[in-house]
Structures are given as structure tokens and as C-alpha cells.
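Results of the structural survey
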Amino acid sequence: MSHDFIDPDDDNSDPNPEDRSATAAPKTDLKTVPPNPVPHDGRRIWMDVVVGLALLFFLSMALSVQVVRMERVPALDNAARNLAAAGATFMAGVIGFGWLCLISPFPGKTRAALGALGLATFAGLCASLRVSEVSGDMVPKFRWAWEQPADFGLKNDQGTGAIKSLVPGPLDFPSYFGPTSNGFVDTVELDTDWSDLKIAWKKPIGRGWSGFSAVDGHAFTMEQRGLQEQVTCYEIHTGRLVWRHSLELRHTTTLGGVGPRSTPTLAQGSLYALGATGVLRCLDASSGAIIWKVDIPKLVNISPEEEISQIAWGRSNSPLVVDDLVVIPAGGPIDGTKHSLIAFDRKTGVERWRGGDRNPGYSSPLVATLHDVRQIVSVNEDTISGHDIENGNTYWEVEWPGKSNANASTSQPHVLDKRLLITKGYGAGMALFDFSKTGEQWESHQRYHKPNYLKTKLTSVVVRDKHVYGLSDGILECVRIEDGKRAWKVGEGRFGHGQVLLVGDKILVLGDGGELALLAADPAGFHEFNRIEVFSSKTWNNLCLYGRYLLIRNAEEAACVELPVVE
């Protein structure tokens, strides 16, 4: 008897061959198919190549723009470099993130999770961070969204009371950029030995870019404390507050920062201060009591929306007091009549005249004598003009391109006999104009224009012995006026977008990081005597020298530095 043995593990065995269905599907060899396959065909390879080339292009651009010589591309200052590098880096990030989420070889669920995580992180950062300030080179600084701006936490201390009297003296620094608005002081001789230098006082102060003015032992400035725009008076030797005058005004922009940015002007017992929104007030300098005030944008029919769109970083023009007038740049509505300057009776605030037809720049009008004609010189949005003091009529006008919401003009001009020297950042550099006058006819000719020299973005230059000195995109530079040839510019002169003041034959430089330096005004070469750190935060404010007492401030602190002088 035979038995058929059936192996259960034998695939070829069939225990019941008669019962096999004739319609059973033939056996196939099954293989595992990966979920969500990503094609690896030629198209995919070309997509990877294109993405890789795009990433390489933008990353190379971000790197190369930081090493190109600015002399070859005058408009490419440090701010433009940083913006171009940031834009290129952002584009590289977007391309890389898009590749990772859309066409990378990762499984679909992984790509979706990475995309969701990246977008959630980006949204969280946008919701929780705010730009607190931006440097002159367009480098942002951030704060948490729930942190209140520092000026809201400042206390409004009570002042010591009114000043008995203000007696003008030879040491006074009564207005922006010095007694004659040219950044020059000759009342003291500074000693180069700083071993006895003292910081007489240092204290918190409200936000803003105003400088100090000083008369008879008292210093005056403007500051923002919360919702109040204030004019304040301090004792120079002690730093004690004497009085403050407040208006419910606040100006703030991401790039320009918070608070007022013009410096008050003192004249015959009165103090004239222009706020960032355009409110001009005349105060009793002894007590801070209001005498009169006027809203300039409202007076010339500029709406708040037009004001911020045209003069994007706030009015910074320090009032000019000349004869019995106080003169301020005015402007006008976008589609209406504009006025370069407007003059008021300095005692009553009654309007006396309007002159010119341009929007304001960010420098301050000054009185100068050109071809023996005493006149007001104004750097406007896109021109420079000379005006009759009596009626505001325009004597002459030269083109100086710019926009007060873009490549703004901020630097003070210098009138040198029959010539006009002007400087500017944003790739404009320095220019020298010659003037001639026949009867009542004025003619001008541009002797030269040097886009690579003296790119004074947020500062002004000083002049001594036929040479001009200034911070050119953050580096101290000396240029010969006659032909516009550079005398020197060295790496040791890096101070950022700070400010300069000429004192005799020496230059005080306040760097934008808060360092104070003393240098020689010498065309033979760069020579630094001393340098100390006074502040540790962004410092754009101008200097004020009252005898040996140097008054400096930024948007957080104010200080009085007692400088050694030659007796």
C-alpha cells in the first residue's frame, strides 16, 4: 500500500488538485512598492540642478557685495551693501525652503511636516519680535513684542524751578552745530593729555536725536518720554533738571526711531524748538513757559498722512533766528504749493513771509555771506537755495538731488567766500559750486563732484586751512577743497555714523557706538590723541561744547564730560 506524502511547506504541492478553480488568478511575484514615490527621472535631476545654481547665485551675491570696493560703485555704501546681502540671503533661504518642502527626495509626510514647522517658526518670530532700532548701516536690533519702549518707563522728575536770569557770554553754544552753524568753536584750546579727563555726570534721558544748546551754565535739549514730546533745561555742572515743557506728541518710525530730532535755538532769553511732527514752540528760556506755538504742517495744509509720506523720518530742522525772525523749512501738500522756508516774528509768532517752492530736507537753514550779500542758505529736498532775509525771495538755486523719504539730504553746507561746499551720503559724496553775481543776476557752476568722497549720511563736515574733514560712510576722511583730492582716509578712523566738532586745530569725534575721540585737524595724516567710551548704545546726536564742558547724549543717556584745556 502506497502513501503520498504532502509537504505543507512545498509551494508546488497541491493537496486537492481536482478542486482547483479554473478561474483562479495565476500566481504573481509581489514586491513592496514604497509609498509616495519621488521620481528620479531626468526632469527631477534638472530641477535639482536649477535650484542648486540659484542657491549658489544668491549666496555668492550675498558674499561678493560685502567685499566689492565702494570706490567702484559709489552708490554702494555700507547700508546698501547690507540690504543687498540681506536680500540675497533671504532669496537663498526661500529657494532652499521651497526645495525642501516641495521637491526634495524626502517622503511626502516628512516634507509636509518640515514645511509646517518652518512656517510656524517664522510666524512665531514675526508675532513675538519687533524691530526696536536700525543702525545707520541698516542693521536691525530686536526686542520682544511685549516689552514696552524704554522711554515709557522714565519718570518726569520735578525741576528745581526757574532760572533767575540768563546772561549771554563768550562760551555760549546757543544753536545747532555751534554759534555760526559751521561746527567750529575757538573759545578754548583743548589739551591732548586726557589723564585728568572727568565725566562730571551721566544720567538717563528721553528718546530722540536732539543735541544740546548751552547758554550761561544751562543746557537745553528735546526728548521723548512716553506720549510727551518735551523741551528740557539742565544745569551744566550738575545735570539737575531745571524745567521741562511738554506737549502730547509722539513721532516714531522703524528706521528713524522715536522722538524729536532737532536742537533748540536760544536767542535773547527765548528758546525756539521744532518737534518731529512740525510743531514749533517759543518758550521763556528761564522758566519754560510757553510764549507762542504754531503747527507748521497744518499752517501750509499738509495732512498727517502726507507729512509722514514726504518727510519720512520726522522734521529735524533746527530753528534759525536771524534779526527779528525765526525761520523754519516748511514744504507743502503733495499736489499743492510748497514753500522752502517760512519766517515768523520771533516775539509774537506772527507769520512774516514764505520763500522758495521745495520740500524740506533734514539739515538746518543758516545765515551766510556770499558775494558780500548776507542771506539765508537752505538745503532743501532736492536743491540748495539762497534767500533774501527781508522777504524770503530766492536769490539763487542749484540742484542737489534727493528725496526726503529715500536718499535724504542731512548735512550742513559751508559757504566759503564765493563758493559753496556740500556733502551727502547715499552715493552723492561732495561737490563744490562757484558763484558769480552781475547786478541782481546770480550764476553758479559746479567746479567738481566727487561721489566717492565725504559720504556724510547722518553727519556734517568741518573746514580748516583749505581742507574739509568728515565721516565718510563711517570713516574719518580729509579732502583738499580746491581740487577735491583726498589727503587721507585710514581704517583707524572708523567711528560709524557719528558726529564731529572742530575745536581750534583739533577735532572731537563722537562715534555712533558712544566712543569719544580727540584728533588732530592735520592734512598731513591721521593722528588720534585719545579715545574713551562714554556710552554703549547707538549715538547719532550732535556735540555741544560750553567752555571745557562737553555735553553729549543719545536716545538713552546724557553726559557732561569735563575736558582738559590749555590754561
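Residues numbered from 1 in each chain as written. Predicted model: local features only at pLDDT ≥ 70, side-chain atom pairs only at ≥ 80, totals over all residues. Heavy atoms only, no water.

If you tally the helices and strands in the protein chain, you get five helices and 37 strands. Its C-alpha atoms give the protein chain principal-axis dimensions of about 140 × 55 × 55 Å. Among the 567 residues that make up the protein chain, the fraction classed as buried is 50%. By sequence separation, contacts in the protein chain at least 24 residues apart represent 55% of the contacts at least 6 residues apart. With an accessible surface of roughly 26800 Å², the protein chain has 55% of that area assigned to carbon and sulfur atoms. In the protein chain, the 56 positive side-chain charges and the 67 negative ones have mean positions that sit 3 Å from each other. (Helix = DSSP H or I, 4+ residues; strand = E, 2+ residues; numbered from the N terminus. Buried < 20%, exposed > 50% of the residue type's maximum accessible area, 1.4 Å probe, protein only. Contact = heavy atoms within 4.5 Å. Areas by Shrake-Rupley, 256 points an atom, 1.4 Å probe, with all protein chains shown as cover. Lys, Arg positive; Asp, Glu negative; His and termini not counted. Charge placed at Lys NZ, Arg CZ, Asp CG, Glu CD.)

With that settled, the discussion passes to the sheet that holds strand β13 (residues 279–284). Within a sheet, adjacent strands bond to each other through the backbone by hydrogen bonds, running parallel or antiparallel. One open sheet holds the four strands; their spatial order is β11-β12-β13-β14, and the pairing between them is antiparallel. Only two strands of the sheet have a single neighbouring strand rather than two, namely β11 (265–267) and β14 (290–295). Here the strands of the sheet are splayed against their neighbours by 15 degrees on average, with no regard to which way each runs. Here strand β12 (residues 270–274) runs beside β13; their pairing, made up of five bridges, is antiparallel. Within β13, the residue paired with Tyr 272 across the bridge is Cys 282. (Pairing = 2+ DSSP bridges. Axes fitted to C-alpha atoms, helices over the stretch in contact; angles between N-to-C directions.)

The next thing to look at is the pairing of β12. A large share of β12 lies buried, amounting to five of its five residues. Two strands pair when backbone bridges link them, and β11 and β12 are joined in this way by three bridges, in the antiparallel orientation. Looking at β12, one finds that Ala 267 is bridged to Ser 270. The hairpin formed by β11 and β12 contains two residues between the paired strands, and Gln 268 there has a positive phi angle of roughly 50 degrees.

Turning our attention to the packing of helix α2 (residues 78–102) against helix α3 (residues 108–128). At their nearest, the axes of α2 and α3 sit 7 Å apart, and the two run at 145 degrees to each other. Contact with α2, carried on its side by Phe 97, Leu 100, Cys 101 and Leu 102, involves Arg 111, Leu 114, Gly 115, Gly 118 and Leu 119 of α3 and no other residues of that element. Of the residues in the contact of α2 with α3, the class split is six nonpolar, two polar and one charged. (Nonpolar A, V, L, I, M, F, W, Y, C, P; charged D, E, K, R; others polar.)

Turning to unusual backbone geometry, a few remarks are in order. The phi dihedral of Asn 301 falls on the positive side, at around 65 degrees, and the residue is not glycine. For Asn 301, a relative accessible area of 59% gives the class exposed. Despite not being glycine, Asp 372 shows a phi value in the positive range, around 65 degrees. Structurally, the position occupied by Asp 372 is in the loop between β19 (366–370) and β20 (373–379). The exposed category is assigned to Asp 372, whose relative accessible area is 76%.

With that out of the way, let us pick up the packing of aromatic side chains. Under the definition given, this model contains 11 aromatic pairs. When the centroid spacing of 5.7 Å and the interplanar angle of 25 degrees are considered together, the rings of Tyr 176 and Phe 177 count as stacked. Both residues of the pair, Tyr 176 and Phe 177, belong to the buried class. Counting every residue linked through ring pairs, the aromatic cluster contains Tyr 272, Trp 292 and Phe 344. Sitting over the face of the ring of Tyr 448, Lys 450 holds its NZ or CZ atom 6.0 Å from the ring centroid. In this arrangement the basic side chain of Lys 538 is found over the ring face of Trp 540, its NZ or CZ atom lying 4.0 Å from the centre. (Phe/Tyr/Trp six-rings, centres within 6.5 Å; stacked < 30°, edge-to-face > 60°. Lys NZ or Arg CZ within 6 Å of the ring centre and 35° of its normal.)

A large share of strand β29 (residues 475–480) lies buried, amounting to five of its six residues. Hairpin remark: strand β28 (residues 467–472) followed by β29, antiparallel, with two residues in the connecting loop; positive phi at Asp 473, about 50 degrees. Direction of pairing for β29 relative to strand β30 (residues 486–494): antiparallel, over a ladder of four bridges. Looking across to β30, one finds that Ile 475 is bridged to Arg 494. Linking β29 back to β30 in an antiparallel pair, the connection comprises five residues, with Gly 484 at a positive phi of about 70 degrees.

To continue, consider α2. An α-helical turn contains 3.6 residues, so any two residues separated by three or four positions project in the same direction. Helix length check: α2 (25 residues) gives 36 Å between terminal C-alpha atoms against 36 Å at 1.5 Å per residue, within 8%. Those residues of α2 that fall on the buried side of the exposure criterion are Ala 79, Arg 81, Ala 85, Ala 88, Ala 92, Ile 95 and Cys 101. (Expected span 1.5 Å × (residues − 1).)

A general feature of soluble globular proteins is that nonpolar side chains tend to end up buried together. Formed by 36 residues in total, the largest nonpolar core has its most connected members in Leu 508, Leu 516, Leu 550, Leu 551, Ile 552 and Leu 563. When residues of this core are traced back to their parent elements, those giving at least two are β31 (499–503), β32 (506–510), β33 (515–520), β35 (544–546), β36 (549–553) and β37 (557–562). If we ignore the near neighbours within four places in the chain, the residues touching Leu 516 are Trp 194, Leu 508, Val 509, Leu 510, Asn 530, Arg 531, Ile 532, Val 534, Leu 543, Leu 550 and Val 561. Counting residues in each nonpolar core, the second largest holds 17 residues, with Ala 431, Phe 433, Phe 435 and Trp 442 among its members. (Core = buried A, V, L, I, M, F, W, Y, C linked by side-chain atoms within 4.5 Å.)

Strand order in the open sheet formed by five strands is β3-β31-β32-β33-β34, with mixed pairing between adjacent strands. A strand with exactly one partner marks an edge of an open sheet, and here the two such strands are β3 (184–185) and β34 (528–533).

Here we take up the side chain of Thr 232. Here Thr 232 shows up in strand β7 (residues 228–235). Of the residues examined, Thr 232 reaches a relative accessible area of 0% and is grouped as buried. A polar contact of 2.7 Å, which involves the side chain of Thr 232, links it to the side chain of Glu 223. (Polar contact = N/O pair within 3.5 Å; in protein donor to acceptor, adjacent residues only side chain to side chain.)

Turning to the pattern of salt bridges, a few remarks are in order. Per the counting criterion, the structure on display carries 21 salt bridges. Of the charged contacts in the structure, one is a salt bridge between Glu 351 and Arg 354, with a shortest N-O distance of 2.6 Å. For Arg 354, a relative accessible area of 30% translates into the label partly exposed. Through salt bridges with shared partners, one network takes in Asp 357, Arg 358, Asp 382 and Glu 397. (Salt bridge = Lys/Arg side-chain N within 4 Å of Asp/Glu carboxyl O.)

In short, geometric facts, not functional conclusions.
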